[in-house]
Amino acid sequence: MAYAGGHRSSENVAMSWSATQYSLFEDERTRPVRDLLGAVPPRPVRHATDLGCGPGNSTEVLLQRCPDAQVTALDSDPDMIEKARERKRLCIPRVHMVTADIAGWSAPEPQDLILANASLQWVPDHGRLYPHLVRQLSEGASLAVQTPDNLEEPAHTALREIACRGPWAAKFEDFQLPPRHGTAFYYDLLSPLCARVEVWRTTYHHPLADGAEGVVQWFKGSALRPYLSRLQPHEQDDFLQMYLQAMQGAYPPASDGKVLLPFPRLFVVATR
Ligand SMILES: C[S@@+](CC[C@H](N)C(=O)[O-])C[C@H]1O[C@@H](n2cnc3c(N)ncnc32)[C@H](O)[C@@H]1O
């Protein structure tokens, strides 16, 4: 098991999402969107796009930031798009929804703001992708990206260990996560193309109810999915049991019984 090289496809971590499971922690998962957009230099926005909109939580914040803009929300997952359409009916009616792959996306007209919150970590070849996204911007506009930076956290290292050591190890021999890069990679990549590049890393500490079971529920909505998708139902139960035990050891409860889950995230705001 390894991280894929820069140009490798992320196909072998392809998976389907559960919008309901993902949304169990919607408040916690949406906070980085606000922090990210808060760092975007203010300017009039006519066209904005949310890449990897998920259930529409990030789109809703984008729309609050630029209420007069024509906003497009794009995602490739049918369950997420369905949930986002539900939100569109209820509170973001003006949003244009698109089912498509970010990897092949180009904007139909120059964008004044492109948001990608917690989505580009699933898309390969950032050395090509980020400059391509910057080229979709109008002058003075920003690309705002947040990606989880937690692959070395116990919640992730345990996934890799359990995958390698269980009776299912052969099913993970070719398993590769898309590559992750540090702050310098994004700065060096984008500063020749942009007037200003801001990069920073923040660790959130999310209090989760239900102790280690809360950690399992959190990652059932994201990082566990490519692992479980390779297993039969009875293997999934065993995998989850081993993961719960690992999480009980890694994240002891706080005084109120909740688990404080550290979650490092990397932010990039690149302004043309
Ligand atoms: C972790 S969710 C983030 C949802 C939302 N943006 C938020 O802020 O919570 C990641 C989303 O990215 C979408 N995604 C992942 N890879 C994608 C791709 N190549 N093209 C389009 N959407 C993708 C997934 O379907 C999922 O809905």
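The preceding data block contains the structure.
Keep in mind it's a predicted model, so treat the numbers as computed, not measured.

What counts as what
Residues numbered from 1 in each chain as written. Predicted model: local features only at pLDDT ≥ 70, side-chain atom pairs only at ≥ 80, totals over all residues. Heavy atoms only, no water. Axes fitted to C-alpha atoms, helices over the stretch in contact; angles between N-to-C directions. Helix = DSSP H or I, 4+ residues; strand = E, 2+ residues; numbered from the N terminus. Parallel < 35°, antiparallel > 145°, perpendicular 65-115°, else oblique. Left-handed = near helix turned anticlockwise from the far one by under 90°. Contact = heavy atoms within 4.5 Å. Nonpolar A, V, L, I, M, F, W, Y, C, P; charged D, E, K, R; others polar. Buried < 20%, exposed > 50% of the residue type's maximum accessible area, 1.4 Å probe, protein only. Pairing = 2+ DSSP bridges. Right-handed = clockwise from strand over helix to strand, strands pointing away.

A.B. asks: Got a minute to help me understand the packing of helix α6 (residues 154-165) against helix α10 (residues 233-250) in this structure?
C.D. replies: Relative orientation and spacing of two packed helices are given, respectively, by the angle between their axes and the distance between those axes. Closest axis-to-axis distance for the α6/α10 pair is 10 Å, and the angle between their directions is 140 degrees. In terms of axis orientation, α6 runs oblique to α10. The crossing of α6 and α10 is right-handed. Seen from α6, the contacting residues are Pro154, Ala155, Ala158, Leu159, Ile162, Ala163 and Arg165; seen from α10, they are Phe239, Met242, Tyr243, Ala246, Met247 and Ala250. For the contact of α6 with α10, the class distribution of residues is 12 nonpolar, no polar and one charged.

A.B. asks: Honestly, the pairing of strand β3 (residues 70-75) in this entry has me stumped. Any pointers?
C.D. replies: Successive side chains on a regular strand alternate, one facing one side of the sheet and the next facing the other. For β3, the buried fraction is high: five of the six residues fall into the buried class. Relative to β3, strand β2 (residues 47-51) is paired through five bridges, and the arrangement is parallel. Looking at β3, one finds that leucine 51 is bridged to leucine 74. Of the crossover connections in this fold, the one passing from β2 over helix α3 (residues 57-65) to the parallel β3 is right-handed. Examined bridge by bridge, β3 and strand β4 (residues 96-99) share four bridges and lie parallel to one another. Residue aspartate 75 lies in a different strand from β4, and its bridge partner there is threonine 99. Where the polypeptide runs from β3 across helix α4 (residues 78-90) and back to β4, its parallel neighbour, the crossover connection is right-handed.

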